[in-house]
Amino acid sequence: MRPAQSPHPQSPPLEEQLVGVNAKTGLYPGARSWSGGRHRILGKGPLESYCYHVMSRTCGGEVHFDDIEKEALRRVIWRMAEFSGIKVVTYCLMSNHFHLLAEVPHRQTWLQRFEGPHGEVKLFDHLAILYSRAYLALLREELSDLRSRGLTVLADQRIAALKKRFCDLSLFVKEIKERFSRWYNKRHERKGTLWMDRFKSVLVEGKGEPLRTMAAYIDLNPVRAGLCQDPKDYRWCGYAEALSGSRRAQRGLCKALGKPVDGWRSAGAAEAYRCLLHDEGREVRDAQNKTVMRRGITPESARAVLAAKGKLSPAELVRLRVRYFTDGLVLGSKAFVEDIFQTQRDRFGPKRKHGSHRIPESHAPFYSLRQLRLRPVE
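(A) Structural detail: the overall build of the protein chain. Looking only at helices and strands, the protein chain has 16 helices and nine strands in total. In the protein chain, which comprises 378 residues, the proportion classed as buried is 47%. Relative to all contacts within the protein chain whose residues are 6 or more apart in sequence, the contacts with residues 24 or more apart total 68%. Put simply, the protein chain shows about 19,800 Å² of open surface, and 53% of that area lies on carbon and sulfur atoms.

Laid out in structure tokens, this is it:
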């Protein structure tokens, strides 16, 4: 696999290159409206939710994404997951394809949040994740007009069409691919299809060994491809994002392990998943134990991680929260950060009482001058 090369040697800042990725419907130049897709057979029954391993590849595998494009695709996936009601268990974005382990909730149960006298207000609040205020204002006017003319049935059908987009795996993946394709084509001034085919999916039992094994398989992709020796060092996978402090990525892996939703640290999910990755991801050698038949984690690394019971050192945990090194302003002990804060007191608002903020993923007493609330790996 050849390394991805950026088409812009002297690229502008990241946020400028990602313009359009976070644009809401009704604002993005050249955006076209969503349309339905063909039906895909999905799990149906009494279960509350179903999990799927989704994989999609670029045309012929010939289109390769650079780091900016992987970041854009990551943002689109999380945003569409939030809108669609679908939970990301884990993911991995490679240069010419992506893997996604998604949990699709029971649709009727999930839609209950929009029932009752304030259901439509809650629905519009939810639609704001994806739609612009201008578009939503026009939609409100349209519904009000239909109801004022006694066409309540048409208004209800309009609402039902919006709700149809929730908790649907096919529409979820279709929207991800379409939105990313429009951004990618605009960036490269190209036209035409970006993705080779409709996505592939495998229905996975939503608990126990099958789900754990599938999550590990996805997060081990960069190791198998020879891109890194440890999945924690590959930024565009669910495991690395969880280590960097992303609560939503942590919750997904807790689901895979059958741990409490917020048990990444308290229930030992972080250590358990790291041990699982290094146990499942060992390289495969021939009978003479000389030639590597399948790339993976070296026996030495696996033994070291298992001996440490999956624990990372405080220094490694701090390094993985990369945004603190670029956005944190000051990093160090509590006393050091407080001292810097006092010397620069006039640069901060009068309501601020202290300067240090504990880095939550670090077991050691590391502090930052700025408390970051945004996603830690952006």
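Let's pick the thread back up.
(B) Looking closely at the packing of aromatic side chains. Inspection of the entire model under this criterion finds 16 aromatic pairs. Relative to Phe-166, the ring of Phe-114 lies with its centre 5.7 Å away and its plane at 35°, an arrangement referred to as tilted. Here the residue Phe-114 occupies a position in the loop between α3 (107-111) and α4 (119-127), and Phe-166 occupies one in the loop between α6 (152-163) and α7 (169-188), the gap between them amounting to 52 residues. Note on accessibility: Phe-114 and Phe-166 belong to one class, buried.

(C) Structural detail: the packing of helix α8 (residues 208-219) against helix α12 (residues 269-280). Interaxial distance between α8 and α12 falls to 10 Å at its minimum, and their mutual angle equals 75°. Classified by the angle between their axes, α8 and α12 sit roughly perpendicular to one another. In contact with Glu-209, Arg-212, Thr-213, Ala-215, Ala-216 and Asp-219 of α8, α12 contributes Tyr-273, Leu-276, Leu-277 and Glu-280. Its residues assigned to classes, the contact of α8 with α12 comprises five nonpolar, one polar and four charged.

(D) Quick peek at the side chain of Arg-165. Take Arg-165: it is sitting in the loop between α6 and α7. Residue Arg-165 is classed as buried on the basis of its relative accessible area, which comes to 5%.

(E) Quick look at the confidence of the model for the protein chain. With 82% of its residues at a pLDDT of 70 or more, the protein chain has an overall mean of 84. Least confident of the elements in the protein chain is helix α15 (residues 323-327), whose mean pLDDT is 48; most confident is strand β2 (residues 87-93), at 97. The model gives residues 28-41 a pLDDT under 50, and that stretch makes 22 contacts with residues more than four places away or in other chains. Across residues 373-378, where pLDDT falls below 50, the model places 20 contacts with residues more than four positions away in sequence or in other chains.

(F) Fine view of the packing of α8 against helix α11 (residues 247-257). It is the contact of α8 with α11, at a shortest axis distance of 7 Å, that shows an interaxial angle of 135°. As judged from the angle between their axes, α8 and α11 are oblique. Contacts between α8 and α11 involve Gly-208, Leu-211, Arg-212, Ala-215 and Asp-219 from the former and Leu-253, Lys-255, Ala-256 and Leu-257 from the latter. Along the lines of polarity and charge, the residues of the contact of α8 with α11 split into five nonpolar, one polar and three charged.

(G) Here's a closer look at unusual backbone geometry. With phi around 55°, Glu-189 is a residue other than glycine that occupies positive phi space. Residue placement: Glu-189 occurs in the loop between α7 and β4 (200-204). With a phi angle near 60°, Lys-309 is a residue other than glycine that sits in the positive phi range. Position of Lys-309 among the secondary structure elements: in the loop between α13 (299-307) and α14 (314-320). The exposure class of Lys-309 is exposed, given its relative accessible area of 61%.

(H) Main features of the sheet that holds strand β3 (residues 97-105). With antiparallel pairing, the four strands of this open sheet are ordered in space as β2-β3-β1-β4. Lying at the two open borders of the sheet, with one neighbouring strand each, are β2 and β4. Taking the axes of each pair of neighbouring strands and ignoring which way they run, one obtains an average angle of 15° across the sheet. Packed onto the sheet, α8 meets β1 (49-57), β2, β3 and β4 and runs at close to 150° relative to β3.

(I) Quick peek at helix α5 (residues 133-148). The terminal C-alpha atoms of α5 lie 22 Å apart, and with 16 residues this matches the ideal 22 Å at 1.5 Å per residue to within 8%. For α5, the secondary structure elements touched by its buried residues are α4 and α6. Phi for Gly-150, located one or two positions after α5, is positive at around 80°.

(J) Layout of the pattern of salt bridges. Here the structure, examined in full by the defined rule, presents 20 salt bridges. Here Arg-187 ties to Glu-69 by a salt bridge, and the two come within 2.5 Å at their closest N and O atoms. Note that Arg-187 is positioned in helix α7 and Glu-69 in helix α2 (residues 67-84), a separation of 118 residues in sequence. Across the pair, exposure class does not vary: Arg-187 and Glu-69 are buried alike. Across the salt bridge formed by Glu-241 and Arg-74, the nearest N and O atoms sit 3.3 Å from each other. Of this pair, Glu-241 sits in helix α10 (residues 238-243) while Arg-74 sits in helix α2, placing them 167 residues apart in sequence. The residues Glu-241 and Arg-74 share a single accessibility class, namely buried. Residues participating in the shared-partner salt-bridge network are Glu-71, Arg-74, Arg-75, Arg-235, Glu-241 and Arg-248.

The rules behind each value
Residues numbered from 1 in each chain as written. Predicted model: local features only at pLDDT ≥ 70, side-chain atom pairs only at ≥ 80, totals over all residues. Heavy atoms only, no water. Helix = DSSP H or I, 4+ residues; strand = E, 2+ residues; numbered from the N terminus. Buried < 20%, exposed > 50% of the residue type's maximum accessible area, 1.4 Å probe, protein only. Contact = heavy atoms within 4.5 Å. Areas by Shrake-Rupley, 256 points an atom, 1.4 Å probe, with all protein chains shown as cover. Phe/Tyr/Trp six-rings, centres within 6.5 Å; stacked < 30°, edge-to-face > 60°. Axes fitted to C-alpha atoms, helices over the stretch in contact; angles between N-to-C directions. Parallel < 35°, antiparallel > 145°, perpendicular 65-115°, else oblique. Nonpolar A, V, L, I, M, F, W, Y, C, P; charged D, E, K, R; others polar. pLDDT = per-residue confidence, 0-100. Pairing = 2+ DSSP bridges. Expected span 1.5 Å × (residues − 1). Salt bridge = Lys/Arg side-chain N within 4 Å of Asp/Glu carboxyl O.

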